[in-house]
Amino acid sequence: MLRVPLSLFVYFAATATAYIWPSPQLDALEAIRFDLERGDRIVGLVSPCNFFLFGFNTGRSNAADWIRTAYHDMASHNVEDGTGGMDASIRFQEERERAENAGDAFGFTTGVLTSLTNRYVSLADALALGAIIAIESCGGPNVPFRGGRIDAAEPNTPGVPEPQQDLDSHIASFARQGFTKSEMIGLVACGHTFGGVQHAPFPDIVPELNDPQNQQSTGFFDSTAFGFDNKIATEYISGTTQNPLAVGLNDTTNSDKRIFGSDKNLTMQSFADSPDLFASTCSSLFARMLDTVPRGVQLTDVIEPLRVKPDALRLTLVDGNTLQFSGEVRFWNTTTPSNTTVVQMIYEDHADTKHATPLLPTSSTPVEHKQGTAMWYAFNVNISAVDSQAGIRSMSFSINEDDKERIEDQGGVGFAVEDRLVFSSTSCIISTNSSEVAWRLDVGVRNDLPITRVFIVGDVVDNVGRIGVEEIDFPSPANSNSSSDSSSLAASAYTLFSINTTDLGSTLRTVGAEVREPGGGTKKIAAIGQLSIDGLQRC
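How each quantity is defined
- Residues numbered from 1 in each chain as written.
- Predicted model: local features only at pLDDT ≥ 70, side-chain atom pairs only at ≥ 80, totals over all residues.
- Heavy atoms only, no water.
- Helix = DSSP H or I, 4+ residues; strand = E, 2+ residues; numbered from the N terminus.
- Polar contact = N/O pair within 3.5 Å; in protein donor to acceptor, adjacent residues only side chain to side chain.
- Core = buried A, V, L, I, M, F, W, Y, C linked by side-chain atoms within 4.5 Å.
- Buried < 20%, exposed > 50% of the residue type's maximum accessible area, 1.4 Å probe, protein only.
- Contact = heavy atoms within 4.5 Å.
- Disulfide = S-S within 2.5 Å.
- Pairing = 2+ DSSP bridges.
- UniProt positions renumbered as here; feature names shortened; annotations may be inferred.
- Arc of directions from axis to C-beta.

Further remarks concern the environment of E401. With respect to the helices and strands, the residue E401 is situated in strand 11 (residues 394-401). Sequence-wise, E401 and G159 are 242 residues apart; in three dimensions their C-alpha atoms are separated by 57 Å. There is a polar contact of 3.3 Å between the side chain of E401 and the side chain of R406.

Written out as structure tokens, the structure reads:
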């Protein structure tokens, strides 16, 4: 069994000029960004917006913590030498123990958002997504998201401004991060429309309040601290603010007062006069903040929702010559089910023959999002794979509403489907105990596919918490088509490869193969779907 050394996440930090499905990294990021209703999403942790990990009436919210964490992670950036920025260095205890990072918000936030990470989603991307989901879910503007951040290997140098510092220090800190004085005012105001200052880490700023509705004694930045609006500005301009960094008893720590007044209140007055200006400014500045990354990191284009996106696909060899293909398809702002709506998947085999199968809606109404409307459909179809001309190589989707048909095929590209490497229904459970499940994984490889190896791809974590991958080779079967005579199983278009493995719980594991190219060299292909023991029988 061959193990391939760890490949660091940087290997997966793809640049994208156009998003065509499938693109594993972009698919994963797009799903977190837009499929908020799916069962494994984090939006429930910021809805309602006053929810905190340890309950209500704490005076704290996850949303405010997530936004604060993103800024503190970015704040180490230095535009001169390109170091620091959104790179998840805030996860290191050394950074979290600095005075500039007082409080437990950063440990809580990184702990929760680590659940989103895998080989395609870095913790830095997860922190950016968490901040965006918090902002948008709690009344804020839409914030453009780009992916591809890379997690730091070590802590960054200090750089977060602190309340007791003077105005010149704050201006210098924000300039080092890449923001002008007016942008500094805007970013502080945008960030401080959420949350406040807690007594425990800042006892000299906020006293113990002894309020059962505010159990952690948080001095709020404005009167609507659990949602986005421009009251951080209107209350400041009107003189009614209770912001502890603007009207605190200790003027030394009234940093918001110094920052907001640094242009004679012109910026804050404009925000107070126009909620729309405040929202649009915050959208731009939050995006700038989250896109501030170390030099050399190339972010993707802004990720927008795909009009049509297949999801949770599974292609399984159920006997020697039949494939079972199942999954879901999300239509974004494209269709609403009615008595006259007919949606079909049209798949092409390797002889370019088209076959149609109906899609059934998974609910009677679309899912409403701030960014648009999602309608989900499901399918399950058996496909002949008796020879190299059968099977499935691509699919498209037909939507017929009121006798008007349109085809969704990614501008003529189609939705590519890999059927030369597939999971097999013969996989089974060998044994179980309290700590793991031992099972046999079987995959089928087309007999006409010139492979050099078949392997499991598993996520692994290095000694500083970054996710990479390792590859574990399947042993070659006695009649494997990897041999020179390319022998095949009787009455089957596929050769079975088998490996015994154990269930590793939360790690992402897929199956790949290395294929010889006609002109020399090799390329890698991946089976559709992930390893799963769901539904397996005993061996």
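Bringing unusual backbone geometry into the picture now. Omega for the peptide link from W21 to P22 comes to 0 degrees, which places this bond in the cis form. Inspection of the secondary structure puts P22 in the loop between strand 1 (3-7) and helix 1 (24-34). The linkage connecting S47 with the following residue, P48, adopts the cis geometry, with an omega of 0 degrees. Notably, A312 is not glycine yet its phi reads approximately 50 degrees, a positive angle. Summarising the element assignment, A312 is placed in strand 4 (residues 308-319).

With that out of the way, let us pick up the nonpolar core. If you look at the biggest cluster of nonpolar residues, it comprises 111 residues, and the most contacted ones within it are F325 and M395. The element contributing the most residues to this core is helix 5 (residues 123-137), with 11 residues. Once you skip the residues sitting within four places of it in the chain, M395 turns out to touch W21, P310, L313, F325, M345, I346, Y347, G414, F415 and V417. Counting 23 residues, the second-largest nonpolar core is a separate cluster that includes I429, V445, V454 and F474.

Glancing now at the state of the cysteines. Applying the stated criterion to the full structure yields three disulfides. The disulfide that involves C190 links it to C282, with 2.0 Å between the sulfurs. One quick way to see it: the torsion about the S-S bond of C190 and C282 is about -90 degrees, and its sign makes the bridge left-handed. Residue C190 is located in helix 7 (residues 181-191), and its partner C282 is located in helix 11 (residues 275-290); the two are separated by 92 residues in the primary sequence.

Most of strand 20 (residues 509-516) is tucked away, with seven of its eight residues classed as buried. Taking the residues that link successive antiparallel strands as the turn, the strand 20-strand 21 (residues 522-526) hairpin has five residues, and the phi of G520 there is positive, at about 105 degrees.

Let us now look at the pairing of strand 4. Pairing geometry for strand 4 and strand 5 (residues 322-332), over nine bridges, is antiparallel. In the sheet register, L315 faces strand 5, and the bridge partner there is F325. Between the antiparallel neighbours strand 4 and strand 5 lie two residues.

Bringing the UniProt feature "domain: Plant heme peroxidase family profile" (unreviewed entry) in the protein chain into the picture now. In the UniProt entry, the feature "domain: Plant heme peroxidase family profile" (unreviewed entry) is given for residues 63-330. Helix makes up 37% of residues 63-330 and strand 10%, with an end-to-end C-alpha separation of 27 Å.

As a further point, take helix 10 (residues 266-273). If you check which residues of helix 10 are buried, you get T267, M268, F271 and A272. In a view along the axis of helix 10, the buried residues occupy a sector of 135 degrees, so they form one face of it. Exposed side of helix 10, more than 90 degrees from the buried face: L266 and D273 are the residues found there. Its buried side turned inward, helix 10 meets helix 7, helix 8 (231-238), helix 9 (255-260) and helix 11.

As for its position among the elements, T495 is in strand 19 (residues 494-502). Among the polar contacts listed, one links the side chain of T495 to the side chain of N447, at a separation of 2.6 Å.

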